[in-house]
Amino acid sequence: MISPGPIRTLCLLNAIGKAIGVGGTFSKSGIGEFTSKLNRIKFQLRTFTKTPTLASDEASKMVHKPANYDRWPKESLVKRVMELEEELKRRGQAPEIQRQERAEERALAAAVTSTEADLKAAEKKKKKAAKFDPGKYSTRLIALKFAYLGKNYNGFEYQSSAKMPSIEEELWKALVKSCLIFPERPDEVDFGPWEYSKCGRTDRGVSAFGQVIGIRVRSNKPLPKGEPEQTGNGKDDVVMAEAAQQQAEDSEKAAAAQVDHQKPEWDPIADEIPYCRVLNRLLPPDIRVMAWAPDLPPDFSARFSCRERQYRYFFTQPAFAPMPSTLEPPLALSGQKSGGKQGWLDIDMMRKAAKMFEGVHDFRNFCKIDPGKQITNFSRHIFESDIVEVKDLESDLPYLGLPEFQPPAGSDGSHPKVYYFHVRGSAFLWHQIRHMVAVLFLVGQGLEPPSIVQQLLDVEKNPRKPNYVMADEVPLVLWDCIFPKLSNVGANAVVPGSSGDGKDSHDPDGEGDVEMVDSIDWVWMGEDDPMSLYGAQGLVTELWGTWRERKMDEVLANRLLNFVANKPDIGRRLIKGASSAPPKGIKKVYEGGNKAQFRGTYTPLFKRQLLASAEEVNNKYAQGFGFKDAEEMTKTKNWRSAIRERKDKNKKGGRSQAEGADTPVEASSS
């Protein structure tokens, strides 16, 4: 007679048999067929039954150390939201359905009659992802030199609130995925534990061809062998241990002498992880690591060890599409102070003005003031400043060679040409380069004399910056970063760090020789293996694809522009009374973008509205947080932490006490 337990089991199996793909009714002899079916899903059952435990373990860890979602990239946040939605959906099911599911789970689990040996054999066949053990690897501090096209990024520095990804965010994901770094929370962008330093913090849209970071990463270098373990406390134990150690050392030396030719010494480059290739396989195509440095000087910092930064700002000549001479307004109506043709820049005048930047000057009228940093020293040392033609770059537009499009003095060669503003300096203020270029463009158009640079640098006479628009960000490139030997520069060039009182530690008067040579021995891609440069996934091969894609866009746009400019005959007048000149009082002004802006009568810089001085901006920021002025705030110990605490309190209260102070006074100038 069959006991009641098996009878209930058979009834339950008959009820749910069709749901799992086994038809018909069950008898005692048919349990074997059903069991074989259940064996094929036993791994799903085991996984399902273990899931609540794993989830509870993770939940317990999260309680002790909450996740910092402010530092999570958007991809990780979206994934986390989907997981939480699924969890809420599961928890929101009706109690009856949950009880039914638990009953079915118990019945199915009881029906699985496989032995423990079968389960172990199946677990061996099941592929498990190998868990990375950082304790098995050594680490080393290296420097990486890389390039990126910044048009599609929200600047270099990671910002959790940004709508576009940042360069640091992409670097973090590549470093984590390659296990070059192994943070406890991979979804939180936090470079702090990895001795991280960065040379330049480019803004949104700005590119870099020589950006440098320092970071501690995983290495292939073998870990040093551990010391022999000693047991006991007596002298005999010590003597025996020393004898055994000496015997082991003698044996190791003899064995090493025999196999020395078979096992060469570890090579720090040939045997090391190919850092550039590993990262380039994971980074987007417009971010490329070009070189790495295995040997760095003591206390290396990509920020403070850098003594020279080079920038280039590219522009075309003509700067924007010139009009035929028959349609141009008279010179008196154009607003220009010297002869010329709209669209064409006076390169000689721009070069004359650029040379006035060289030396040590106060650049408060050539930057955007950030009151959050409370900078009071705006002096910077510019080693070199010039306008340079790009000789090996041509994309002719033949119609520009026609007489009606040429400037009065004519022009040599084919056009358009490409130039760049070349500047070398020890350090730069916020948006300094773009402000300098904006003024040079005004000089090149004849709207301001070259002496305007000297007037803006005279902060005693002109402590307030005129309200003018800075140049576009896309043509700007951080060209290179130089790390000379410390003996080649002044000892007081840059103090590593800040005193914490809010004062800038930069000392442009102590920077020494302006002809600096990079002392870091970079290992460039291709020097270790030429195929990493020209192979199927080589650096040059990949960059060629990026270049050609954009070159075809340029060629097609070039041909279209030339076709449209040449096809019509503007001498024909098919509509009587049609205007043959632009409206009076409207002129074109080039401000650094892709085309000119239509403005009214040009207003010279020092006849425009003057913005608040640096002292007024800093004081207003401090007063927004309850301080008397900026001096009182910066004298407060850990004043930045105090401000963050006040901001958090204001957010919780639903009202920001410093709402007006968070925005720089001169925000309208950008």
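What counts and how
- Residues numbered from 1 in each chain as written.
- Predicted model: local features only at pLDDT ≥ 70, side-chain atom pairs only at ≥ 80, totals over all residues.
- Heavy atoms only, no water.
- Helix = DSSP H or I, 4+ residues; strand = E, 2+ residues; numbered from the N terminus.
- Buried < 20%, exposed > 50% of the residue type's maximum accessible area, 1.4 Å probe, protein only.
- Contact = heavy atoms within 4.5 Å.
- Areas by Shrake-Rupley, 256 points an atom, 1.4 Å probe, with all protein chains shown as cover.
- Salt bridge = Lys/Arg side-chain N within 4 Å of Asp/Glu carboxyl O.
- pLDDT = per-residue confidence, 0-100.
- Polar contact = N/O pair within 3.5 Å; in protein donor to acceptor, adjacent residues only side chain to side chain.
- Pairing = 2+ DSSP bridges.
- Patch = residues over 30% accessible without salt bridge, like charges linked within 9 Å, V, L, I, M, F, W, Y side chains within 5 Å.
- Axes fitted to C-alpha atoms, helices over the stretch in contact; angles between N-to-C directions.
- Parallel < 35°, antiparallel > 145°, perpendicular 65-115°, else oblique.
- Left-handed = near helix turned anticlockwise from the far one by under 90°.
- Nonpolar A, V, L, I, M, F, W, Y, C, P; charged D, E, K, R; others polar.
- Phe/Tyr/Trp six-rings, centres within 6.5 Å; stacked < 30°, edge-to-face > 60°.
- Lys NZ or Arg CZ within 6 Å of the ring centre and 35° of its normal.
- Core = buried A, V, L, I, M, F, W, Y, C linked by side-chain atoms within 4.5 Å.

Novice: I'd love a proper account of the overall build of the protein, names of residues and values included.
Specialist: Scanning the protein from terminus to terminus reveals 18 helices and 12 strands. Relative to its full complement of 670 residues, the protein shows a buried share of 39%. Intrachain contacts of the protein at a sequence separation of at least 6 include 76% that bridge at least 24 residues. Surface exposure of the protein reaches about 39700 Å², of which carbon and sulfur atoms provide 54%.

Novice: Which residues make up the pattern of salt bridges, and what are the values?
Specialist: Oppositely charged side chains can form a pair if their charged atoms are brought close together. As enumerated under the stated definition, the model contains 23 salt bridges in all. The partner of R216 in a salt bridge is E195, and the shortest N-O contact between them spans 2.7 Å. Note that R216 is positioned in strand β3 (residues 207-219) and E195 in the loop between α7 (167-177) and β2 (197-198), a separation of 21 residues in sequence. Classification of R216 as partly exposed rests on a relative accessible area of 24%. Here E389 and K417 are joined by a salt bridge, their closest N and O atoms 3.8 Å apart.

Novice: Outline the confidence of the model for the protein, listing residues and values.
Specialist: Across the protein, the average pLDDT comes to 77, with 67% of residues at or above 70. In this model residues 488-505 is a low-confidence stretch, pLDDT under 50, and it forms 37 contacts with partners more than four residues away in sequence or in other chains. Note that residues 655-670 has pLDDT below 50 and, in this model, 38 contacts with residues that lie over four places away or in other chains.

Novice: Which residues make up the side chain of T634, and what values do they have?
Specialist: When you line up the elements, T634 lands in helix α17 (residues 630-635). A polar atom in the side chain of T634 sits 3.1 Å from the backbone oxygen of E631.

Novice: An account of the pairing of strand β1 (residues 138-148) is needed here, citing residue identities and associated values.
Specialist: When you tally the buried positions in β1, you get 9 out of 11 residues, the bulk of the element. Pairing of β1 with β3, which is carried by 10 bridges, proceeds in the antiparallel orientation. Bridging across to β3, L144 finds its partner in I213.

Novice: An account of the environment of V517 is needed here, citing residue identities and associated values.
Specialist: Looking at the element boundaries, V517 is found in the loop between β9 (476-482) and β10 (523-524). Distance in space between the C-alpha atoms of V517 and K485 is 8.2 Å, their sequence separation being 32 residues. If we ignore the near neighbours within four places in the chain, the residues touching V517 are I482, F483 and P484.

Novice: Which residues make up a nonpolar patch on the surface, and what values go with them?
Specialist: A cluster of nonpolar residues, L560, F563 and V564, forms a patch on the protein surface that exposes about 310 Å² of accessible area. Its location among the elements puts L560 in helix α15 (residues 539-566).

Novice: If you had to explain the packing of helix α11 (residues 347-355) against helix α12 (residues 432-444) to someone new, which residues and values would you point to?
Specialist: Where α11 contacts α12, the axes come no closer than 8 Å and their chain directions differ by 140 degrees. Judged on the interaxial angle alone, α12 and α11 are oblique. Classified by chirality, the crossing of α12 by α11 is right-handed. From α11, M349, M350, A353 and A354 reach across to α12, where they touch L440, F441, V443 and G444. Of the residues contributing to the contact of α11 with α12, the split by class is 7 nonpolar, 1 polar and no charged.

Novice: So what's going on with the packing of aromatic side chains? Residues and values would help.
Specialist: With the rule as written, the count across this model stands at 23 aromatic pairs. The interplanar angle of 15 degrees and the centroid separation of 6.0 Å between the aromatic rings of F315 and Y419 together place this pair among those described as stacked. Taken as a pair, F315 in strand β5 (residues 308-317) and Y419 in strand β8 (residues 417-425) lie far apart in primary sequence, 104 residues in all. Put simply, the rings of Y313, F315, F320, Y419, F441 and Y590 touch in pairs and so form one group of aromatic residues. Over the face of the ring belonging to Y468 we find K465, whose NZ or CZ atom lies 5.5 Å from the ring centre.

Novice: An account of the nonpolar core is needed here, citing residue identities and associated values.
Specialist: Core analysis: the largest hydrophobic core is formed by 102 residues, its most contacted members being F146, I215, F366, I387, F421, F441 and V453. When residues of this core are assigned to their parent elements, the largest contribution, 9 residues, is made by α12. Contact partners of F421, with chain neighbours within four places excluded, come to Y311, R312, Y313, F315, A354, F357, S385, D386, I387, M436, V437 and L440. Residues A622, F625, M633 and W639 belong to the second largest nonpolar core, which totals 8 residues.

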